[in-house]
Amino acid sequence: MVEDDETMRQMIGHVVEILPYALLLVLPVVAVGALVLHLLRDRALSTSMTVLVLVPLAAMVTGVLGICGFMFNTTLTTMLLVCLLVTVVTVPVAVFLGRRTAARTVWEREARERERGAEASRRELVAWISHDLRTPLAGIRAMAEALADGVVSAPDEVCRYADRIGDEATRLSGMVDDLFELSRITAGALRLTLSEVPLRDVVSDALAAQTPVASRKGVTIHAHADAWPVVLGSDPELARVVRNLVSNAIRHTPPDGTVAIQVGVEGEDAVLAVADACGGIPEADLPRVFDVAFRGSPARTPPTPNPDPAGGGLGLAIAKGLVEAHHGRIAARNHGPGCRFEVRLPLASA
């Protein structure tokens with residue numbers, strides 16, 4: 001027992017005398033705590049922090065009891081009571097801090113994964129767009145030089161070159177529009193003016209725009225509706241969603257194939273589905289069909305000449321962004337001879 005009038009040398013002597021016994025009593029408790037932490041390494045972070053708090057408390061109590069020889073007196077009882085009160089206070093705090101730390105750690109990990117995914121998508125997008133922009137630009141430049149140098153001088157040839165330059169310029173303009181729309185979506189700058197929009201009008205406008213493209217390719221478009229619902233949304237953006245889905249379906253459907261559009265109501269959702277005859281998408285690629293610049297495997301593209309050139313791989317990504325901006329959902333799955341893209345939007349009356 002350390003007395004009040006002892007000198008520093010005597011107190012150090014007590015420490016040297018007690019230290020081996022304290023280590024013999026405390027080290028097994030610490031070893032058991034380390035083993036428990038190892039076994040709980042895959043559990044919640046709050047559990048590990050609780051164990052980290054309890055291990056030193058248990059080691060301290062064990063050391064005190066061992067050094068005192070389990071001889072209970074007023075001082076020992078008071079100290080044990082203090083340890084109990086400290087445990088009651090610190091364990092809930094450890095659990096709370098553990099959960100906060102775990103939540104923050106998970107959030108930071110997810111943020112890093114999203115950032116890495118976004119960076120990979122940006123690199124892929126730049127690679128795709130760089131290639132796609134070079135192709136029409138090279139054609140425009142070559143045809144413009146041919147016209148300027150007088151290589152092409154016959155009136156009919158000049159008209160044909162001018163038409164091709166116009167077509168390539170239109171294609172470039174479409175790519176730029178897609179990039180601008182995608183940048184608004186990804187930057188969170190998209191602002192929708194919501195109103196009641198009849199899906200009948202949206203589908204009719206999309207069919208009017210895409211039917212000539214389908215006719216040139218020999219693809220038939222069928223539209224069927226169990227009901228024509230009214231949704232709460234922005235007419236131009238919804239029209240773009242349907243137009244992108246139908247255009248994508250036509251592009252990947254071989255000649256003499258069919259693109260089917262079906263509209264109906266399920267519960268509180270309006271459902272619009274576009275089915276093509278592309279031959280299906282590999283199951284491994286299905287989760288990526290809405291990624292920026294993703295075009296899938298070459299096997300999905302029909303080998304026959306396609307009058308509708310492939311875009312920049314942004315149509316489905318834009319469609320997904322616009323659907324989610326309307327608080328809707330979009331999904332893709334293999335169905336019959338091809339794929340089925342299904343859009344669910346909240347009803348205006350829901």
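Since this is a predicted model, take the numbers as computed values, not measurements.

(A) Here's a closer look at the packing of helix α4 (residues 155–186) against helix α7 (residues 315–325). Between α4 and α7, whose axes approach to 10 Å, the crossing angle comes to 40°. Relative to α7, the crossing made by α4 is left-handed. Residue-level contacts link D178, E181, L182 and I185 of α4 to A317, I318, G321 and L322 of α7. The class makeup of the residues in the contact of α4 with α7 is five nonpolar, one polar and two charged.

(B) Spatial organisation of the packing of helix α5 (residues 199–217) against helix α6 (residues 235–252). At a closest axis distance of 9 Å, the pairing of α5 and α6 adopts a crossing angle of 25°. The angle between α5 and α6 places the two elements in the roughly parallel class. Crossing hand, α5 versus α6: right-handed. Across from V202, A206, A209, Q210, V213, A214 and K217 in α5, the residues of α6 making contact are D235, L238, A239, V242, R243, V246, S247, I250, R251 and H252. Counted by class, the contact of α5 with α6 contains ten nonpolar, three polar and four charged residues.

(C) Representation of the environment of H326 in the model. Looking at where H326 falls in the secondary structure, it is placed in the loop between α7 and β6 (329–335). On the basis of relative accessibility, which here comes to 4%, the residue H326 falls in the buried class. Along the chain, H326 and R344 lie 18 residues apart, while their C-alpha atoms are 9.7 Å from each other. Engagement of the side chain of H326 in a polar contact is seen with the backbone oxygen of L322, the distance being 2.7 Å.

(D) Local environment of the environment of P337. Within the secondary structure, P337 sits in the loop between β6 and β7 (338–346). What makes P337 exposed here is its relative accessible area of 58%. Sequence separation of P337 and T258 is 79 residues, and the distance between their C-alpha atoms is 9.7 Å. Every residue in contact with P337, bar those within four places of it in the chain, is listed here: D276, A277, C278, G279 and G280.

(E) Molecular detail of the state of the cysteines. Tallied over the entire structure, the rule returns zero disulfides. Left without a disulfide partner, C278 is nearest to the cysteine sulfur of C339, which lies 3.1 Å away. When its relative accessible area of 1% is taken as the criterion, C339 is described as buried.

(F) A look at the confidence of the model for the protein. Averaged over all residues, the pLDDT of the protein is 81; the fraction at 70 or higher stands at 87%. Low confidence marks residues 298–310, where pLDDT is under 50. Its contacts with residues over four positions away, or in another chain, come to 26 contacts.

(G) Region of the structure containing the packing of aromatic side chains. Under the criterion given, the structure shown has one aromatic pair. Geometrically, the ring pair formed by F290 and F341 is edge-to-face, given 6.0 Å between the ring centres and 90° between the ring planes. Taken as a pair, F290 in the loop between β5 (269–275) and α7 and F341 in strand β7 lie far apart in primary sequence, 51 residues in all. The pair F290 / F341 is uniform in exposure class, with both members buried.

Scoring rules and cut-offs
- Residues numbered from 1 in each chain as written.
- Predicted model: local features only at pLDDT ≥ 70, side-chain atom pairs only at ≥ 80, totals over all residues.
- Heavy atoms only, no water.
- Axes fitted to C-alpha atoms, helices over the stretch in contact; angles between N-to-C directions.
- Helix = DSSP H or I, 4+ residues; strand = E, 2+ residues; numbered from the N terminus.
- Left-handed = near helix turned anticlockwise from the far one by under 90°.
- Contact = heavy atoms within 4.5 Å.
- Nonpolar A, V, L, I, M, F, W, Y, C, P; charged D, E, K, R; others polar.
- Parallel < 35°, antiparallel > 145°, perpendicular 65-115°, else oblique.
- Buried < 20%, exposed > 50% of the residue type's maximum accessible area, 1.4 Å probe, protein only.
- Polar contact = N/O pair within 3.5 Å; in protein donor to acceptor, adjacent residues only side chain to side chain.
- Disulfide = S-S within 2.5 Å.
- pLDDT = per-residue confidence, 0-100.
- Phe/Tyr/Trp six-rings, centres within 6.5 Å; stacked < 30°, edge-to-face > 60°.

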